Amino acid sequence: ANEVSRNENGFDDEENGKPDPAVYLTASRKLGVAPNDCIAIEDSHSGMRAAKSAGMRVAAFTNNTTNGVDTSLADCIIENFNLELQKKERLYCFL
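Quantities reported herein were computed from a predicted structural model and do not represent experimental measurements.

Conventions and cut-offs
- Residues numbered from 1 in each chain as written.
- Predicted model: local features only at pLDDT ≥ 70, side-chain atom pairs only at ≥ 80, totals over all residues.
- Heavy atoms only, no water.
- Buried < 20%, exposed > 50% of the residue type's maximum accessible area, 1.4 Å probe, protein only.
- Helix = DSSP H or I, 4+ residues; strand = E, 2+ residues; numbered from the N terminus.
- Pairing = 2+ DSSP bridges.
- Salt bridge = Lys/Arg side-chain N within 4 Å of Asp/Glu carboxyl O.

**Q** Please give an account of the pairing of strand β1 (residues 39-42) that cites residues and values.
**A** Residues Ala40 and Glu42 of β1 are buried on one face, while the alternating residues Ile39 and Ile41, pointing to the opposite face, are not. Across four bridges, the pairing between β1 and strand β2 (residues 57-61) is parallel. Note that in β2 the partner of Glu42 across the bridge is Ala60.

Here's what the structure looks like:
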């Protein structure tokens, strides 16, 4: 896809919180995009589990430190958004 969409859907919108995949499945449905065509950016292991359970790819955002968060489920790691933006590249880890 050549288009980037932002969807704000939170755990308050769902009966069950993460790691239940409902929050991601709802976001996917609202966007009209299949889960396997979505990328979830997460900073928690339970969030990564939820996104993976929904069938999405996951970018772990670490902000230069994992703070003990297990990022093994992530398809790629974004250490610093500012550095990624300076590169002026798309999330190359998903190409």
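**Q** Give me the pattern of salt bridges: which residues, what numbers.
**A** By the definition in use, this model includes two salt bridges. In this structure, Lys52 and Asp75 form a salt bridge, with 2.9 Å as the shortest nitrogen-oxygen distance. Placement of the pair is Lys52 in helix α2 (residues 45-53) and Asp75 in the loop between β2 and β3 (76-78), with a sequence separation of 23 residues. Classification of Lys52 as partly exposed rests on a relative accessible area of 31%.

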